[in-house]
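Notes for the structure review
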Amino acid sequence: MDRSSKKGSKFACCFPVILDRSMKSSFKLSKSSSDKLNKSKSSICSPTSLSMKKKDQENNHLVVCFGELLIDFVPTVSGVSLAEAPGFKKAPGGAPANVAVGIARLGGSSAFIGKVGADEFGYMLSDILKQNHVDNSGMRFDTHARTALAFVTLRADGEREFMFFRNPSADMLLTEAELDKDLIQKARIFHYGSISLIAEPCRSAHLAAMEIAKKAGCILSYDPNLRLPLWPSADAARKGILSIWDQADVIKVSEDEKFNILNTMVERRRTTYSSG
């Protein structure tokens, strides 16, 4: 959802496939995940893997993305606040869904697991994933809650502005029982954010999905995607995001997230050492 209507911006909407230098440098790879990737490369180059069927090859490199899928409304003109916008245009959004589409557009194999409303926006988003060659079999549709909506802009002063409509939205209501466990177990990489940790029952579903992926030997990829307005408080956001930090093999953080999250980790460790 880090997007605006400004052409050429790294915040462009409609499922961007953009990875700038600063983003590349913010990826953190643990030794365990590096070993996993090396093993994966070996299997890719082996004669046995070359003779595998196409479906098996796709499963071997499958990236399953878990989390939110929503509608972003962005101003029809750039550099204005939400209140100043003369109008808005809709676009598919949701950080985990962006990753799934980006991987597919780059020629990879991806799938998405999440929940939307059984409404026109929900069905539209499902169709967009399918049109972009993303496996949407893990999607669920809620008949009692609507698809999440977000209004987002990049103002002239460079600050982003968000307004969310999810009280609750369908993505927050995904349950553990609705998880496509078989799809998760097929993944080579399991990718997720932190928005799905904010409220139950999605939080429990998120933790269960991570456990399934971990037991299946998946590489765990984490994009905290800090959105303070969605959390009860800044402290709740830090605690929630850090609660699963150490389980990830790969973590992608922005400069803002480094300041807001990583500094908290340093202070917490300093306190622990001083009290010990």
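Refer to the structure presented above.
Let me begin by describing the structure that accompanies this report. (Residues numbered from 1 in each chain as written. Predicted model: local features only at pLDDT ≥ 70, side-chain atom pairs only at ≥ 80, totals over all residues. Heavy atoms only, no water.)

Below, the discussion takes up the sheet that holds strand E7 (residues 149-154). Reading across the sheet, the four strands line up as E4-E3-E7-E8 and stay open at both edges, with mixed pairing between neighbours. Lying at the two open borders of the sheet, with one neighbouring strand each, are strand E4 (88-93) and strand E8 (160-165). Ignoring which end each strand starts from, the neighbouring axes of this sheet average 25° apart. Here strand E3 (residues 70-75) pairs with E4 via six bridges, running antiparallel. Along E4, the bridge assignment pairs Leu70 with Gly93. (Pairing = 2+ DSSP bridges. Helix = DSSP H or I, 4+ residues; strand = E, 2+ residues; numbered from the N terminus. Axes fitted to C-alpha atoms, helices over the stretch in contact; angles between N-to-C directions.)

The next point concerns the side chain of Ser221. Structurally, Ser221 is set in strand E10 (residues 219-222). Reaching out from Ser221, the side chain makes a polar contact with the side chain of His191 at a distance of 2.8 Å. When near neighbours in sequence (up to four residues on either side) are disregarded, Ser221 contacts Ile189, Phe190, His191, Tyr192 and Val250. (Polar contact = N/O pair within 3.5 Å; in protein donor to acceptor, adjacent residues only side chain to side chain. Contact = heavy atoms within 4.5 Å.)

Both E7 and E8 contribute to a ladder of six bridges, which runs antiparallel. Residue pairing in the sheet places Thr153 in a bridge with Glu161 of E8. Where E7 folds back on E8, the antiparallel hairpin that results is connected by five residues, among which Gly158 adopts a positive phi of roughly 90°.

This paragraph deals with unusual backbone geometry. Comment: phi is negative for the bulk of residues other than glycine, and the bulk of peptide bonds are trans. A cis amide bond, omega -10°, links Asn167 with the succeeding residue Pro168. Locating Pro168 in the fold gives a position in the loop between E8 and helix H7 (181-186). The omega angle of the peptide bond from Glu200 to Pro201 is 5°, so this bond is cis rather than trans. One can find Pro201 in the loop between strand E9 (189-192) and helix H8 (202-215). The phi torsion at Asn225 lies on the positive side, around 50°, for a residue other than glycine. Topologically, Asn225 is positioned in the loop between E10 and helix H9 (234-242). Using a relative accessible area of 4% as the deciding quantity, one classes Asn225 as buried. (Buried < 20%, exposed > 50% of the residue type's maximum accessible area, 1.4 Å probe, protein only.)

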